[in-house]
Amino acid sequence: MKNLMKISVLGLLVVFLFTSCAKQPTQQIDEAKAAIDAVVKAGGDIYAKDELKKLNDDYNAAMDEVNAQSKKLFKKYGKAKEMLAKVKADADSVAQLIPARKEEAKNNAINALNEAKTAFETAKALLDKAPKGKGTKADIEAMKSDLAGLEAQLAEVQASIDREDYFGARDKAVSIKEKANAISEQVNAAIEKVKGRR
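Residue indices begin from 1 for each chain and proceed along its sequence in written order. Only residues with pLDDT of 70 or above have their local features reported here, since the model is predicted, and side-chain atom pairs are shown and tallied only from 80 upward, although totals for entire chains, interfaces and linings are computed over all residues. Side-chain descriptors were evaluated using all non-hydrogen atoms of the structure, hydrogens and water having been removed beforehand.

(A) Layout of the nonpolar core. Residues belong to a common nonpolar core when they are buried Ala, Val, Leu, Ile, Met, Phe, Trp, Tyr or Cys residues joined through side-chain atoms within 4.5 Å. A 1.4 Å probe rolled over the protein chains alone gives each residue an accessible area, and that area as a share of the maximum for its type sets the label: buried under 20%, exposed over 50%, partly exposed in between. Tyr-59 and Val-187 are the most contacted members of the largest nonpolar core, which has 46 residues in total. Secondary structure elements are taken from DSSP: a helix is a run of H or I of four residues or more, a strand is a run of E of two residues or more, and numbering for both begins at the N terminus. Elements with a minimum of two residues in this core: helix H2 (26–41), helix H4 (49–70), helix H5 (78–128), helix H6 (137–162) and helix H7 (166–197). At 16 residues, the largest contribution of residues to this core is made by H5. Any two residues whose heavy atoms approach within 4.5 Å are treated as being in contact. Setting aside its immediate chain neighbours within four residues, Val-187 contacts Leu-126, Leu-127, Ala-130 and Met-143.

What follows is the structure in structure tokens.
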């Protein structure tokens, strides 16, 4: 009976040693999470959406591995540590991509704004040359009103750029350019129509 008791105590001691040796990789978990948070803070949810989704998926997979190991009698966190280290390294790489992508988005927004301004000025100049006659007064007033609306929108685009909403600014600028070009086409068509009558 004493031998059985000694073996039981010895067995419990061995189990305790094995389970206490393998501790959860809390430092790696914290580092991986901090690296992902840094990507989000740098604008990853805007400029690196796909990469951020993959980072979160990989982090969740690593945490699933940690949780699976924590339920086992003999815990082995080696694989989880490798997964978390990879998440951290990948997050650091993604964070380095963001400034260039942000700068590219800013340049695209500024270029789109400049193109919209050019299209607006062209439409405005053409409208001054629009043939004025009996049936065109209402059309010209409507186009002037449209141009005034576009001018206000140009200021909104600049405000969006100032707020670093580069994708929204670019989309608004492209829309303004298209509307201004449509006005120019209408005026040009009216000018050609008058020329045809002469």
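(B) Seen up close, unusual backbone geometry. Residue Glu-164 is not a glycine yet carries a positive backbone phi of 65 degrees. Of note, Glu-164 is situated in the loop between H6 and H7. Classification of Glu-164 as partly exposed rests on a relative accessible area of 40%.

(C) Structural detail: the side chain of Ser-160. Within the element layout of this structure, Ser-160 appears in helix H6. What Ser-160 contacts, discounting residues up to four positions off in sequence, is Asp-165, Ala-169 and Lys-172.

(D) Spotlight on the packing of H4 against H5. In this description, a line fitted to the C-alpha atoms serves as the axis of each element, helices being fitted only across the stretch in contact, and the angle between N-to-C directions of two axes falls anywhere from 0 to 180 degrees. As a packed pair, H4 and H5 sit with axes 9 Å apart at the nearest point and diverge in direction by 165 degrees. Viewed along their axes, H4 and H5 adopt a mutual orientation that is roughly antiparallel. Here H4 and H5 pass one another in a crossing that is left-handed. Each of Glu-51, Leu-55, Asp-58, Tyr-59, Ala-61, Ala-62, Glu-65 and Val-66 in H4 lies in contact with H5, whose residues at this interface are Lys-79, Ala-80, Met-83, Leu-84, Val-87, Asp-90, Ala-91, Val-94, Leu-97 and Arg-101. Each residue is assigned to one of three groups, with Ala, Val, Leu, Ile, Met, Phe, Trp, Tyr, Cys and Pro labelled nonpolar, Asp, Glu, Lys and Arg labelled charged, and all others, Gly among them, labelled polar. Looking at the contact of H4 with H5 residue by residue, the classes come out as 12 nonpolar, no polar and 6 charged. Put simply, angles under 35 degrees are roughly parallel, angles over 145 are roughly antiparallel, angles from 65 to 115 are roughly perpendicular, and the rest are oblique. Definitions for this section: a left-handed crossing has its near helix turned counterclockwise from the far helix by less than a right angle. A right-handed crossing has that turn clockwise.

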